[in-house]
Amino acid sequence: MISERLQRFLDDHPVKFRTELHPSTADAMRTAEVTHVPGREFAKSVIFKTHGKVGMAVLPATDHVHLLELGRALGSDDISLASEDELRNAFPDCDVGTMPPFGNLYGMETFVSEHLREDDTITFNAGSHDEVMQMTYQDYERLVRPHVVHF
């Protein structure tokens with residue numbers, strides 16, 4: 001099931017997208033595999049904290065989060081991953097680990113890897129372990145206005 005906030009947002013900002021149901025998966029790489037999307041083209045959302053604020057990093061499923069690099073890209077040496085409890089609180093309409101890459105809908109800045117801009121489309125979890133969404137990267141960028149970074 002698509003996140004309620006995301007669904008309302010897309011209803012208010014019409015763009016073309018498609019969703020696909022799939023067997024429940026445990027992580028972004030497995031989701032990419034079962035949906036036949038190359039891992040480098042499947043976006044995963046990683047929630048972090050820095051200087052008391054929560055933010056979202058969006059990167060290819062094949063990439064690992066390197067907090068030091070992310071911190072350097074953001075100009076911070078005080079950075080850590082959000083806990084599962086913090087994820088539940090920040091994303092009440094999503095299963096833990098399936099946050100759509102729309103930090104703007106949850107009151108947080110969104111930072112996207114420059115590598116995801118290389119493809120025409122972006123595919124991502126839509127709030128559950130058994131459904132993904134795909135739209136053009138151009139529409140995603142227009143809707144979210146993420147900061148593009150190299151991390």
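Being a predicted model, the structure only gives us computed values, none of them experimental.

Visitor: So what's going on with helix α5 (residues 137–144)? Which residues, and what values?
Guide: For α5, every residue scored as buried is listed here: Y137, D139, Y140, L143 and V144. Each buried residue of α5 sits inside an arc of 160° when the element is viewed along its axis, so together they form one side. In this structure, the buried residues of α5 make contact with α1 (4–12), β3 (53–60), β5 (109–113), β6 (121–128) and β7 (131–136). Backbone geometry just downstream of α5 places R145 in the positive-phi region, at approximately 55°.

Visitor: Lay out the packing of aromatic side chains with the relevant residues and their values.
Guide: Taken as a whole, this structure holds 6 aromatic pairs when the rule is applied. Between F48 and F111, the ring centres sit 6.1 Å apart and the planes meet at 50°, which makes this aromatic pair tilted. Of the two residues, F48 sits in strand β2 (residues 42–50) while F111 sits in strand β5, which places them 63 residues apart along the sequence. Of the residues examined, F111 reaches a relative accessible area of 11% and is grouped as buried.

Visitor: Outline the pairing of β7, listing residues and values.
Guide: Counted residue by residue, β7 has 5 buried out of 6 residues, so it is predominantly covered. Across 6 bridges, the pairing between β6 and β7 is antiparallel. Bridge pairing in β7 places S128 opposite E131. Between the end of β6 and the start of β7, which pair antiparallel, lie 2 residues.

Visitor: Would you mind going over the side chain of N125 in detail, with residue names and values included?
Guide: Position of N125 relative to the elements: it lies in strand β6. Once residues within four sequence positions are removed from consideration, N125 is found in contact with T31, F42, A43, G97, T98, M99, P100, P101, E131 and V132.

Visitor: Lay out unusual backbone geometry in plain terms, naming residues and giving numbers.
Guide: Positive phi, close to 50°, is recorded for H51, a residue that is not glycine. In this structure, H51 sits in the loop between β2 and β3.

What counts and how
Residues numbered from 1 in each chain as written. Predicted model: local features only at pLDDT ≥ 70, side-chain atom pairs only at ≥ 80, totals over all residues. Heavy atoms only, no water. Buried < 20%, exposed > 50% of the residue type's maximum accessible area, 1.4 Å probe, protein only. Helix = DSSP H or I, 4+ residues; strand = E, 2+ residues; numbered from the N terminus. Arc of directions from axis to C-beta. Contact = heavy atoms within 4.5 Å. Phe/Tyr/Trp six-rings, centres within 6.5 Å; stacked < 30°, edge-to-face > 60°. Pairing = 2+ DSSP bridges.

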